Amino acid sequence: MAQLLIREVGVYPPGSFVKLINGDTAIVIKRAIVKKGRNATAPVVACIISPRGGLYEQPALRDSNLEMYKVTGLAEPDFDEPIDFSLL
């Protein structure tokens, strides 16, 4: 049952904030598609906060299945400026 839930929703469901291996904080915009060569921990994300803590002007889409953008875990971003989610 748990595997079915993870396959449908993903380990990191859309809307989750995650930390990437390169230090970026991102928001999950598309769940991971489990198929050959991909796993449930590799969603498509949009980087919104740089490793130094500043907001990016334009969110950058990243495929966390790539080694340089792997998800290391959930994040609780701390920012004062509102995020324009329509850009995602």
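Model, not experiment: these values are computed from the prediction. (Residues numbered from 1 in each chain as written. Predicted model: local features only at pLDDT ≥ 70, side-chain atom pairs only at ≥ 80, totals over all residues. Heavy atoms only, no water.)

> Sorry, what's going on with the overall build of the chain here?
Of regular secondary structure, the chain possesses one helix and five strands. Overall, the chain shows an N-to-C arrangement of helices and strands of α-β-β-β-β-β. Looking at the chain as a whole, 33% of its 88 residues are labelled buried. Put simply, 47% of the contacts in the chain that link residues at least 6 apart link residues at least 24 apart. (Helix = DSSP H or I, 4+ residues; strand = E, 2+ residues; numbered from the N terminus. Buried < 20%, exposed > 50% of the residue type's maximum accessible area, 1.4 Å probe, protein only. Contact = heavy atoms within 4.5 Å.)

> How do you make sense of the nonpolar core when you look at a structure like this?
Soluble globular proteins: nonpolar side chains tend toward being buried together. Counting nine residues, the largest nonpolar core is built from Y12, V18, L20, A26, V28, V45, C47, Y69 and V71. Contributing elements (two or more residues each) for this core: β1 (17-20), β2 (25-30) and β3 (44-49). Formed by seven residues, the second largest nonpolar core is a distinct cluster that contains F17, A46, I48 and A75. (Core = buried A, V, L, I, M, F, W, Y, C linked by side-chain atoms within 4.5 Å.)

> Which parts of the structure should I look at to understand the sheet that holds β2?
Spatial ordering of the open sheet is given by β4-β3-β2-β1-β5, a layout of five strands whose pairing is antiparallel. Only two strands of the sheet have a single neighbouring strand rather than two, namely β4 (55-63) and β5 (71-74). When the angles between neighbouring strand axes are averaged without regard to direction, this sheet yields 35 degrees. As paired elements, β3 and β4 share five bridges and run antiparallel to each other. Residue C47 lies in a different strand from β4, and its bridge partner there is A60. (Pairing = 2+ DSSP bridges. Axes fitted to C-alpha atoms, helices over the stretch in contact; angles between N-to-C directions.)

> Any chance you could explain the environment of F17 here in plain terms?
With respect to the helices and strands, the residue F17 is situated in strand β1. In this structure the C-alpha to C-alpha distance between F17 and G73, which are 56 residues apart in sequence, comes to 8.8 Å. Apart from residues no more than four positions distant in its own chain, F17 is found in contact with A26, I27, I48, L74, A75 and P77.

> Hey, could you run me through the pairing of β1 in this one?
Consecutive side chains of a regular strand alternate in pointing toward one face of the sheet and then the other. Both β1 and β2 contribute to a ladder of three bridges, which runs antiparallel. The residue bridging K19 from the neighbouring strand is T25, located in β2. Counting the residues in the hairpin turn of β1 and β2 gives four residues, including G23, whose phi is positive at 100 degrees. Alignment of β1 against β5, held across three bridges, turns out to be antiparallel. Residue pairing across strands places K19 opposite G73, the latter belonging to β5.

> How do you make sense of the side chain of S50 when you look at a structure like this?
Of note, S50 is situated in the loop between β3 and β4. When sequence neighbours within four positions are dropped, the list of residues in contact with S50 reads G23, D24 and Y56.

> Just to check I follow, could you spell out the confidence of the model for the chain for this structure?
Regions with low pLDDT should not have their predicted coordinates read in detail. Of all residues in the chain, 83% attain a pLDDT of 70 or more, and the chain-wide mean is 82. Across the chain, element-level confidence peaks in β1 with a mean pLDDT of 94 and bottoms out in helix α1 (residues 2-9) with 71. (pLDDT = per-residue confidence, 0-100.)

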